[in-house]
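Here's the letter readout for the chains.
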Amino acid sequence: MALLDVSGFKSHSGLGVFGTDASERWNRIDHFTFGSKCQEFALPVGSDPVGFLKSCSGENGVSIDLNHGTTTLAFKFRHGVIVAVDSRASAGRYIASKDVNKVIEINPYLLGTMSGSAADCQYWERLLAKECRLYKLRNKERISVSAASKLLCNMMLGYRGMGLSVGSMICGWDKKGPGLYYVDDNGTRLSGRMFSTGCGNGYAYGVVDSGYREDMTVEEAYELGLRGITHATHRDAYSGGVVNMYHMQEEGWIKVCQEDVSDLIHRYKKGMF
Amino acid sequence: MAARYDRAITVFSPDGHLFQVEYAQEAVKKGSTAVGIRGKDIVVLGVEKKSVAKLQEERTVRKICVLDEHVCMAFAGLTADARIVINRARVECQSHRLTVEDPVTVEYITRYIATLKQRYTQSNGRRPFGISALIVGFDYDGTPRLYQTDPSGTYHAWKANAIGRSAKTVREFLEKNYTEESIANDNETMKLAIKALLEVVQSGGKNIELAVIRRNQPLKILESKEIETLVAEIEKEKEEEAEKKKQKKSS
């Protein structure tokens, strides 16, 4: 862990013959094992994932276009947190899937959204879900939202600069109340009242910022979430499909609805078509 | 028989003992007594102060140590081993605050210390830590806690416990005297700790060191004047008890 490194502790060195790093990792007494010292994947020295990816995409040889592009948004209001995401996965100009689930249900009180590279998000957030379950088993109480987001952030920092692409919002309700954190692949971790991620986020911010009031009713908040995603999918080529919306309440999250954006956009822009 | 099975501690004896661990527990029994009591709004740690040599500075010998603002521990056994354990525990408390953004619960840090001790009972070439620890504090939600660990790496929660020399005598005293009224308020809880230590400590209040944590307040080590005051109160109560008994007998 970072603090152990700084304070100069050598945990379990000196018996090199009897334990390699990989097997020691699972026996470590400090349970939060994500840090630059022990990473999920060992990488050879001098490997450069970013350079390799650059050489692959583009005109030279096989083009590997990662699944990218999305719009997700989340905001806190009086009655909890609303989370709304689109469901399109694009690989370059090809729409790989129109019904991807971009919200991972970590536990009944924690949700994580995914934007950026679909593979990266799915892998790291499922790993986060595993750590959250382990935390609950070891400590007999649910992990707090700030701790869960910190764990994800530390995972990202372990691989900083190596080409991960993750923009995620961790949203939940713990004993400190509703929580919303934005975590990305640079290791940024911000707590806030409203976030939107993905290449459609500009459009979503515009809509939600103009329609937001702290004392909205639950119905108004649902409408606002739907509008934000719908207008973003209308203008952004890389977002589309359906809107999956969740409402985080004190007793846990509920899935509010799953609505097709083409139906929604016709509703909202009646005169235009 | 024992001689063949107590070298490398990773070896069990034929009748299922880990001799090094048991020898470590013997080392603990030689240490000076420490007692811990969990009250309603206060937790108390008391230790027997070993007499200090004339030229020695008294304040360098401290058996009650702070692990974090809301958790502290007292130990019995090898002081040097305790220093290492306390250092690791202090780093872990801060690491927990850094990663989880919450202070440790008393149970978490006890589990950490116990796992650390167990690790040393299952490694080549290392001996177990020769200390038992009493860890007290308040959790985030205000519940007071008292835990005890021993060299084998087990830990249990207690309402009141003692470790070190004459721990058995003190524990029996506590079993008889730990009642709802004896922990009714902070003062009574402190007096119970002193009474328990007075059972086994020679020459009274001078050789007792007492530390308390109250909810949402940092550790406070009592000055000798305050201990003298409490000892005087205890003496007075004893005399009043004796008087009452005399009167009952005569009537």
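All values reported here derive from a predicted model rather than from experimental measurement.

Engineer: Whenever I open this one, the UniProt feature "coiled-coil region" (unreviewed entry) in chain B confuses me. Can you help?
Structural biologist: UniProt feature "coiled-coil region" (unreviewed entry): in the numbering of this structure it lies at residues 220–251 of chain B. Structurally, residues 220–251 of chain B is divided into 84% helix and 6% strand, and its ends, taken at the C-alpha atoms, are 46 Å apart.

Engineer: Is there a simple way to explain the packing of aromatic side chains in this structure?
Structural biologist: The description of an aromatic ring pair rests on the distance of the ring centres and on the angle between the ring planes. Residue and element names in this part refer to chain A. For the structure on display, the rule yields nine aromatic pairs over all chains. Taking the centre distance of 5.5 Å and the plane angle of 50° together, the rings of tryptophan 124 and tyrosine 159 count as tilted. Placement of tryptophan 124 in helix α4 (residues 118–139) and of tyrosine 159 in the loop between α5 (145–158) and β8 (167–174) is noted, with a sequence separation of 35 residues between them. By relative accessible area, tyrosine 159 is classed as buried at 7%. Put simply, the rings of Phe75, Phe77 and Tyr212 touch in pairs and so form one group of aromatic residues.

Engineer: Would you take a moment to explain the packing of α5 of chain A against helix α3 (residues 79–100) of chain B for this structure?
Structural biologist: The angle between the axes and the distance between the axes are what describe a pair of packed helices. One can describe the packing of α5 of chain A onto α3 of chain B by two numbers: an axis separation of 7 Å at closest approach and a directional angle of 90°. Put simply, α5 of chain A runs roughly perpendicular to α3 of chain B. Only Leu98, Thr99 and Val100 of chain B of α3 of chain B make contact with α5 of chain A, whose side of the interface consists of Ser146, Ala147, Lys150, Leu151 and Asn154 of chain A. Here the contact of α5 of chain A with α3 of chain B is built from residues that sort into four nonpolar, three polar and one charged.

Engineer: Which parts of the structure should I look at to understand the UniProt feature "active site" (unreviewed entry) in chain A?
Structural biologist: Residues and elements named next belong to chain A. UniProt tags Thr70 as "active site" (unreviewed entry). Structurally, threonine 70 can be placed in the loop between β1 (67–68) and β2 (72–77). Threonine 70 sits in the buried class, given a relative accessible area of 1%. Not counting chain neighbours up to four residues away, the residues in contact with threonine 70 comprise Asp86, Lys102, Met114, Ser115, Gly116, Thr197, Gly198, Cys199, Gly200, Asp236, Tyr238 and Ser239.

Engineer: Explain the environment of asparagine 87 of chain B here, please?
Structural biologist: Residues and elements named next belong to chain B. With respect to the helices and strands, asparagine 87 occurs in helix α3. For asparagine 87, a relative accessible area of 39% puts it in the partly exposed group. Counting along the chain gives 20 residues from asparagine 87 to leucine 67, while the straight-line C-alpha distance between them is 8.3 Å.

Engineer: Help me out: how do you make sense of the environment of leucine 197 of chain B in this one?
Structural biologist: Residues and elements named next belong to chain B. Among the secondary structure elements, leucine 197 is positioned in helix α6 (residues 186–198). In the structure, leucine 197 is positioned 37 residues away from isoleucine 234 in sequence and 12 Å away in space, judged by C-alpha atoms. Residues in contact with leucine 197, not counting those within four places in the same chain, are Thr33, Val35, Gly46, Val47, Glu48 and Ile208.

Engineer: How should I be thinking about the side chain of threonine 110 of chain B in this particular structure?
Structural biologist: Residue and element names in this part refer to chain B. Tracing the sequence through the fold places threonine 110 in helix α4 (residues 106–119). For threonine 110, a relative accessible area of 0% gives the class buried. Not counting residues up to four positions away in its chain, the partners in contact with threonine 110 are Ile135, Tyr147, Thr149 and Tyr155.

Definitions and limits used
Residues numbered from 1 in each chain as written. Chains lettered and ligands numbered in written order. Predicted model: local features only at pLDDT ≥ 70, side-chain atom pairs only at ≥ 80, totals over all residues. Heavy atoms only, no water. UniProt positions renumbered as here; feature names shortened; annotations may be inferred. Helix = DSSP H or I, 4+ residues; strand = E, 2+ residues; numbered from the N terminus. Phe/Tyr/Trp six-rings, centres within 6.5 Å; stacked < 30°, edge-to-face > 60°. Buried < 20%, exposed > 50% of the residue type's maximum accessible area, 1.4 Å probe, protein only. Axes fitted to C-alpha atoms, helices over the stretch in contact; angles between N-to-C directions. Parallel < 35°, antiparallel > 145°, perpendicular 65-115°, else oblique. Contact = heavy atoms within 4.5 Å. Nonpolar A, V, L, I, M, F, W, Y, C, P; charged D, E, K, R; others polar.

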